[in-house]
Amino acid sequence: MDPLNKKRSEYLIEKLGLQKHPEGGYYTETYRSEAIIESIDRNLQTCIYFLLTDDQVSRFHRIKSDEIWYFHEGANLSIHTLDDNGHNIHKLGLYSEEGFLPQILIPKNTIFGATLDQKDTYVLVSCSVAPGFDFEDFELMEKSELLSKFPNQSDIIYRLT
């Protein structure tokens, strides 16, 4: 990683109190609603900072809630999803004519992961989850399961599992 970007990402990890996330990258929870949805015993909403460096990926996973990703700084990010239509790439970053958007919705139960496709950089985003995130609802995807369901997507499956 470029020394300036490495220093910036290390600075953000320290100053924002980020810790390693099981899917890859670093995170810290910044908000957990006090309101509870009693029928499912979940907070109404949660939010985190999430930082990914170029030597990391966000591994394929899914959660039982909608998740909105918000771009803050760094390089553009590719959010990869797998569904009945195959592999899709959603581009998160500063708005551009190349299709980058500063905010992306990942619907509940979607299999997704993320990559930085540019060397020597990092990205800082926020992720807001509603109903609120709970690790009980978090599922890291297994390579064998994904390969059997999406045999034509082996390249991205190997990269993100």
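Quick look at the structure, then. Note that the structure is a prediction, hence the values are computed from the model and not measured.

**Some details on the sheet that holds strand β5 (residues 46–53)**
Now for step 1: Spatial strand order, β1-β2-β5-β12-β7-β10: six strands in an open sheet with antiparallel pairing. Taken across any chain shown, the strands that pair with only one partner, and hence form the sheet edges, are β1 (19–20) and β10 (103–106).
Now for step 2: Pairing geometry for β5 and strand β12 (residues 122–130), over eight bridges, is antiparallel. Across the sheet, residue isoleucine 48 finds its bridge partner in β12, namely cysteine 127.

**So, the side chain of threonine 110**
Now for step 1: Within the secondary structure layout, threonine 110 lies in the loop between β10 and β11 (111–115).
Now for step 2: The exposure class assigned to threonine 110 is buried, which follows from its relative accessible area of 15%.
Now for step 3: Not counting chain neighbours up to four residues away, the residues in contact with threonine 110 comprise His61, Arg62 and Thr81.

**Comments concerning the packing of aromatic side chains**
Now for step 1: Following the criterion strictly, the structure yields six aromatic pairs and no others.
Now for step 2: Note on tyrosine 27 and phenylalanine 135: the rings are 6.5 Å apart at their centroids and 70° apart in plane angle, and the pair reads as edge-to-face. With tyrosine 27 in strand β2 (residues 26–32) and phenylalanine 135 in the loop between β12 and β13 (139–140), this residue pair connects regions lying 108 residues apart in the sequence.

**Some remarks on the nonpolar core**
Now for step 1: Phe50, Trp69, Leu77, Ile79, Leu92, Val123 and Val125 are the most contacted members of the largest nonpolar core, which has 18 residues in total.
Now for step 2: Those elements giving two or more residues to this core turn out to be β5, β7 (66–74), β8 (77–83), β10, β11 and β12.
Now for step 3: For leucine 92, the residues in contact, after removing those within four places along its chain, are Trp69, Tyr70, Phe71, Asn76, Leu77, Ile79, Phe100, Leu101, Pro102, Gln103, Ile104 and Val125.
Now for step 4: The next biggest cluster of nonpolar side chains, apart from the first, holds ten residues, and it includes Ile111, Met141, Leu146 and Ile157.

**Focus: the side chain of threonine 28**
Now for step 1: Locating threonine 28 in the fold gives a position in strand β2.
Now for step 2: Once residues lying within four places of it in the same chain are set aside, the contact partners of threonine 28 are Leu16, Gly17, Leu18, Cys47, Ile48 and Tyr49.

Calculation notes
Residues numbered from 1 in each chain as written. Predicted model: local features only at pLDDT ≥ 70, side-chain atom pairs only at ≥ 80, totals over all residues. Heavy atoms only, no water. Pairing = 2+ DSSP bridges. Helix = DSSP H or I, 4+ residues; strand = E, 2+ residues; numbered from the N terminus. Buried < 20%, exposed > 50% of the residue type's maximum accessible area, 1.4 Å probe, protein only. Contact = heavy atoms within 4.5 Å. Phe/Tyr/Trp six-rings, centres within 6.5 Å; stacked < 30°, edge-to-face > 60°. Core = buried A, V, L, I, M, F, W, Y, C linked by side-chain atoms within 4.5 Å.

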